[in-house]
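This is what each chain is made of:
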Amino acid sequence: MIAPAWMHQQITVEQYDSWSEEQCAGIEIVDGTVVVSPRAFKRHNRLVKILAVALEAAAGPGWNADFGFDVRLQEVPLTNRRPDVVVYRADTIDIMPARPEHILLVVEVVSPGSETTDRVVKAEQYARAGISYYWRVEQPPAGVPVVRTYVIDPATRAYRDDEVFTGVVDAVAPFPVKIDLARL
């Protein structure tokens, strides 16, 4: 199968914004280049759903937690990421793609094939964009997921380690949340 021509050229903000939601699903734009994301496993999707629901409940009325939408990290060259879960200001629900200044937390669930991107590349991009909190969730093939939390250091615009949780995540900054990961 030959990839469409648009996958081999620099994508601008105007081009991307003209595409339909169906065209944008399953892709990210990194430095103007289309990156196709592999289809997630059912276990991955279930964990994303559990995290989003728990974070939504914990965040309170001023915040929403969702998945499956773009976060525009930079305009030129265009970089749009689709974090697994995003906690963002509720009053910005209609601003699409979401902007870093509206986002409190991004969560990436590491899957086979995304290890380096989720552990290194995305964390660096989210930190440069100024997103305050980053969680990376590791899913061992058997056992309980591990949540590694990071908080941005404003002086360096890099994340520093915060805490590591397994089983039940409780009282995690910036808001108290209890997530029973053992039920997966």
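Throughout what follows, the structure given in this document is the object of discussion. The model shown is predicted, which means the values in this text are computed figures rather than measured ones.

### Considering the overall build of the protein chain
Moving on, step 1. In terms of regular secondary structure, the protein chain is built from four helices and twelve strands.
Moving on, step 2. Residues counted as buried form 46% of the 184 residues belonging to the protein chain.
Moving on, step 3. Counted over contacts in the protein chain with a minimum sequence separation of 6, partners at least 24 positions apart contribute 52%.
Moving on, step 4. In the structure as shown, the protein chain presents an accessible area of about 9,700 Å², 55% of it carried by carbon and sulfur atoms.

### With respect to the side chain of Gln139
Moving on, step 1. Tracing the backbone shows Gln139 in the loop between strand E8 (133–138) and strand E9 (146–153).
Moving on, step 2. Given the relative accessible area of 18%, Gln139 is considered buried.
Moving on, step 3. Beyond its immediate sequence surroundings of up to four residues, Gln139 is in contact with Arg43, His44, Leu47, Val109, Val110 and Ser111.

### A closer look at the nonpolar core
Moving on, step 1. Counting 18 residues, the largest nonpolar core has Leu51, Leu55, Val85, Val87, Leu105, Val107 and Val137 as the members making the most contacts within it.
Moving on, step 2. Sorting the residues of this core by element identifies helix H3 (42–59), strand E6 (85–89), strand E7 (103–109), E8 and E9 as the ones contributing at least two each.
Moving on, step 3. At six residues, the largest contribution of residues to this core is made by H3.

### Here's the deal with helix H4 (residues 115–129)
Moving on, step 1. With 15 residues, H4 should reach 21 Å at 1.5 Å per residue; the first-to-last C-alpha distance of 21 Å fits that figure.
Moving on, step 2. In the structure, H4 departs most strongly from a straight axis at Lys122, where the bend amounts to approximately 35°.
Moving on, step 3. Along H4, the residues classified as buried are Asp118, Lys122, Ala123, Gln125, Tyr126, Ala127 and Ala129.

### Regarding the pattern of salt bridges
Pairing of side chains with opposite charge becomes possible as their charged atoms draw close.
Moving on, step 1. In total, this model carries twelve salt bridges according to the counting rule given.
Moving on, step 2. Across the pair Glu75 and Arg99 runs a salt bridge whose closest N-O atoms are separated by 3.0 Å. One end of the pair, Glu75, is in the loop between strand E4 (71–74) and strand E5 (79–81); the other, Arg99, is in the loop between E6 and E7, with 24 residues separating them in the sequence.
Moving on, step 3. The exposure class of Glu75 is partly exposed, given its relative accessible area of 37%.
Moving on, step 4. Residue Arg99 is classed as partly exposed on the basis of its relative accessible area of 22%.
Moving on, step 5. Its salt-bridge partner being Arg136, residue Glu138 comes within 2.6 Å of it at the nearest N-O pair.

Definitions and cut-offs
Residue numbers run consecutively from 1 along every chain, following the written order of its sequence. Totals for whole chains, interfaces and linings use every residue, but because this is a predicted model, local features are given only for residues with pLDDT of at least 70 and side-chain atom pairs only at 80 or more, for both listing and counting. As a rule here, side-chain values cover all heavy atoms of the structure and leave hydrogens and water aside. A run of H or I in DSSP counts as a helix once it spans at least four residues, and a run of E counts as a strand once it spans at least two, with each numbered from the N terminus. Partly exposed residues are those whose accessible area sits between 20% and 50% of the maximum for their type, while under 20% is buried and over 50% is exposed, using a 1.4 Å probe and protein chains only. In what follows, residue pairs with any heavy atoms lying within 4.5 Å of each other are defined as contacts. With residues, only the protein chains shown are counted as cover, and all accessible areas are computed by Shrake-Rupley using a 1.4 Å probe. Think of a nonpolar core as a cluster: buried Ala, Val, Leu, Ile, Met, Phe, Trp, Tyr and Cys residues, connected wherever their side-chain atoms sit within 4.5 Å. To estimate how far a helix should reach, multiply one less than its number of residues by 1.5 Å. Throughout, bend refers to the angle between the axes fitted to the seven residues that end at a position and the seven residues that start at it. The salt bridge definition used is simple: a Lys or Arg side-chain nitrogen within 4 Å of an Asp or Glu carboxyl oxygen.

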